[in-house]
Amino acid sequence: MTALRLLDSTKVTSRRLFGSFNADCFNANSLMRRSSWNRRRLRVCAIDAAQPFDSESREKESRRKHVALKIGVVGFGNFGQFLTKRFIKDGHEVIATSRTDHSGIARELGASFFRDADDFCEEHPDVVIFCTSILSLEATMQAFPYQRLKRNTLFCDVLSVKQFPKQLFLKLLPDHFDILCLHPMFGPDSGKESWQDLPLVYDKVRIGSEISRAERCASLLRFFELQGCRMVEMSCEEHDRQAASSQFITHTVGRMLGTMELAETTISTKGFDSLMSLVDNTYHDSFDLYYGLFVYNENASAELARLEIAFDQVKSQLFGRLHELIRTQHFGDSSSATSATPDSDSH
Ligand code: NAP
């Protein structure tokens with residue numbers, strides 16, 4: 001309900017009442033009413049229903065309006081294509097390059113594909129996002145013709161490990177390039193329908209002080225925010241610590257279950273359904289990706305060892321009790337064992 005309260009105040013102005021609403025139109029109307037308003041002026045004190053001129057909806061609208069970026073995707077595989085679809089849907093322009101010729105699928109998605117990395121760079125994208133496999137990043141970067149880009153291009157990556165690309169960027173990229181490390185903690189399977197509440201980890205490793213550079217970085221982050229992602233600013237080092245005990249373990253268990261080739265049953269429990277969806281979300285990822293999580297996260301091998309120890313502990317708990325049961329069946333309980341005859345002991 002719109003509540004209007006009549007006030008005697010003489011300080012209320014049309015701007016206060018209507019914000020950016022067409023001022024000329026308002027002035028014409030207000031002139032006609034001025035004489036009566038001089039006596040009793042109106043002030044809007046509360047608005048429950050969203051109005052086109054209220055500050056909340058104006059702010060929301062301005063957040064929605066984003067700068068369309070020209071985004072260069074390097075590595076147009078599974079994940080590069082997955083990101084591209086959303087970028088294009090959100091009004092950004094995407095150009096792509098990759099080891100393999102993906103020009104057909106790029107055309108279908110509405111992106112331009114460049115087989116040649118020089119041609120790609122000469123298109124001068126605002127942002128270059130590396131979506132290559134973890135294992136091939138270093139070689140791809142070594143061969144990448146940076147000198148053909150604009151001098152303040154923003155470099156990003158989406159690798160599932162973070163310290164490694166950060167260190168590589170800092171080592172290989174000249175100071176005039178900006179660096180933003182990203183990790184969307186979801187993929188083509190887990191983020192197929194919606195990105196709502198899915199975590200996007202980011203670390204602004206190096207962003208130049210000019211306003212335009214800060215704004216470009218903000219625009220890219222806003223893209224993920226508007227898709228519904230839960231934005232998590234975190235150092236690359238902390239990401240790798242946390243990801244080893246969560247993401248790497250998830251992938252390991254998913255792979256083990258996938259390797260077992262478990263099948264749906266007619267009496268599947270909800271727990272089993274969750275396991276099957278874990279397999280779905282991890283087993284289709286390339287082995288390169290999984291291997292990269294292991295090799296390029298210094299914390300992964302310790303977590304794998306912990307998993308192994310935990311598995312052995314659970315197993316020895318099971319077999320420990322089983323052995324006790326068998327012993328009891330064979331030899332009776334420990335109190336009667338002391339009075340057992342030498343004969344009964346021999347089996
Ligand atoms: P991937 O197997 O990790 O990477 C495939 C991409 O790497 C393709 O674009 C492929 O190029 C390129 N590539 C592989 N070997 C190469 C080589 N020797 N030289 C040059 N390029 C090479 O699978 P992905 O799922 O697409 O992942 C891409 C990146 O996204 C990875 O860094 C991954 O960690 C990250 N990521 C993935 C997910 C996910 O759920 N899949 C989620 C978050 C982040 P071609 O296609 O041209 O052969």
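Located above this text is the structure these notes cover.
Residues numbered from 1 in each chain as written. Predicted model: local features only at pLDDT ≥ 70, side-chain atom pairs only at ≥ 80, totals over all residues. Heavy atoms only, no water.

Asks: I would appreciate a short explanation of the pattern of salt bridges in the present structure.
Replies: Note that side chains of opposite charge can pair when their charged atoms are close. Enumeration according to the criterion identifies twelve salt bridges in this entry. We note a salt bridge from Glu122 to Arg148, for which the minimum N-O separation is 3.2 Å. With Glu122 in helix H6 (residues 117–122) and Arg148 in the loop between helix H7 (137–142) and strand E7 (154–157), the pair connects residues that are 26 residues apart, well separated along the chain. On the basis of relative accessible area, Glu122 is assigned to the partly exposed category, the value being 44%. The partner of Asp178 in a salt bridge is Arg216, and the shortest N-O contact between them spans 3.0 Å. You can see Asp178 sitting in strand E8 (residues 178–184) and its partner Arg216 sitting in helix H9 (residues 211–226), a full 38 residues away along the chain. (Salt bridge = Lys/Arg side-chain N within 4 Å of Asp/Glu carboxyl O. Helix = DSSP H or I, 4+ residues; strand = E, 2+ residues; numbered from the N terminus. Buried < 20%, exposed > 50% of the residue type's maximum accessible area, 1.4 Å probe, protein only.)

Asks: Any chance you could explain the side chain of Asp126 here in plain terms?
Replies: Looking at where Asp126 falls in the secondary structure, it is placed in the loop between H6 and strand E6 (127–130). Of the polar contacts made by the side chain of Asp126, one reaches the side chain of Lys150; its length is 3.2 Å. Apart from residues no more than four positions distant in its own chain, Asp126 is found in contact with Leu69, Lys70, Lys150, Thr153, Leu154 and Arg216. (Polar contact = N/O pair within 3.5 Å; in protein donor to acceptor, adjacent residues only side chain to side chain. Contact = heavy atoms within 4.5 Å.)

Asks: So what exactly am I meant to see when it comes to the sheet that holds E6 here?
Replies: The pairing of strands in a sheet happens through backbone hydrogen bonds and is either parallel or antiparallel. Here eight strands make up an open sheet; going across it, the order is E5-E4-E3-E6-E7-E8-E9-E10 and the pairing mixed. Strands with a single pairing partner mark the edges of an open sheet, and in this sheet they are strand E5 (112–113) and strand E10 (230–233). Here four bridges tie E7 to E8, and the two strands are oriented parallel to one another. Considered in E8, the bridge of Leu154 is made with Asp178. (Pairing = 2+ DSSP bridges.)

Asks: Looking at this model, I keep getting lost on the packing of aromatic side chains. Mind explaining?
Replies: Describing an aromatic ring pair means giving the distance of the ring centres and the angle of the ring planes. In the structure shown here, the tally under the stated rule is 25 aromatic pairs. Relative to Phe113, the ring of Phe76 has its centre 6.1 Å away and its plane inclined at 55°; by these criteria the two rings are tilted. With Phe76 in the loop between strand E3 (70–74) and helix H4 (78–89) and Phe113 in strand E5, the pair connects residues that are 37 residues apart, well separated along the chain. Grouping residues by exposure puts Phe76 and Phe113 together as buried. Judged by centre distance (6.5 Å) and plane angle (75°), the rings of Phe87 and Phe224 are edge-to-face. One end of the pair, Phe87, is in helix H4; the other, Phe224, is in helix H9, with 137 residues separating them in the sequence. Owing to a relative accessible area of 0%, Phe87 belongs among the buried residues under this scheme. Accessibility expressed as a relative area gives 0% for Phe224, which makes it buried. Ring pairs connect the aromatic residues Phe79, Phe82, Phe87, Phe186, Trp195, Phe223 and Phe224, which therefore count as one cluster. (Phe/Tyr/Trp six-rings, centres within 6.5 Å; stacked < 30°, edge-to-face > 60°.)

Asks: What am I meant to see in H9 here?
Replies: The α-helix winds at 3.6 residues per turn, so residues separated by three or four positions along the chain end up facing the same way. When the terminal C-alpha atoms of H9 are compared, their 21 Å separation across 16 residues agrees well with the 22 Å that a helix rising 1.5 Å per residue should span. Every buried residue of H9 is listed here: Arg213, Arg216, Cys217, Ser219, Leu220, Leu221, Phe223 and Phe224. Trailing H9 by a residue or two, Gly228 shows a phi angle of about 105°, which is positive. (Expected span 1.5 Å × (residues − 1).)

Asks: Which parts of the structure should I look at to understand the site of the ligand?
Replies: Within the structure, the ligand sits among 26 residues, and Ser98, Thr100, Thr132, Ser160 and Ser286 are positioned closest to it. Take Thr100: an N or O atom from its side chain is 2.7 Å from an oxygen atom of the ligand. Ser133 is positioned such that a nitrogen or oxygen atom in its backbone is 2.8 Å from an oxygen atom of the ligand. Here the ligand, which alone exposes 870 Å², has 84% of that area covered by the protein. Broken down by secondary-structure element, the contributors of at least two residues to the shell around the ligand are H4 and E8. Of the residues that constitute the shell around the ligand, the class distribution is ten nonpolar, 14 polar and two charged. (Near = heavy atom within 4 Å. Areas by Shrake-Rupley, 256 points an atom, 1.4 Å probe, with all protein chains shown as cover. Nonpolar A, V, L, I, M, F, W, Y, C, P; charged D, E, K, R; others polar.)

Asks: Explain unusual backbone geometry here, please?
Replies: For residues that are not glycine, phi is negative in most cases, and the peptide bond is trans in most cases. Here the phi dihedral of Asp197 falls at roughly 65°; this positive angle occurs in a residue that is not glycine. Turning to its location among the elements, Asp197 is positioned in the loop between E8 and strand E9 (199–206). By relative accessible area, which is 53% here, Asp197 ends up exposed. Here the phi dihedral of Glu261 falls at roughly 55°; this positive angle occurs in a residue that is not glycine.

Asks: Any chance you could explain the pairing of E8 here in plain terms?
Replies: Here is the key point about a regular strand: its side chains alternate between the two faces of the sheet. Burial runs high along E8: seven of the seven residues are buried. The alternating pattern of E8 places Asp178, Leu180, Leu182 and Pro184 on one face and Ile179, Cys181 and His183 on the opposite face, and all of these are buried. Each parallel crossover has a hand, and the one from E7 via helix H8 (residues 163–172) to E8 is right-handed. In the sheet, E8 pairs with E9 via six bridges, with the strands oriented antiparallel. (Right-handed = clockwise from strand over helix to strand, strands pointing away.)

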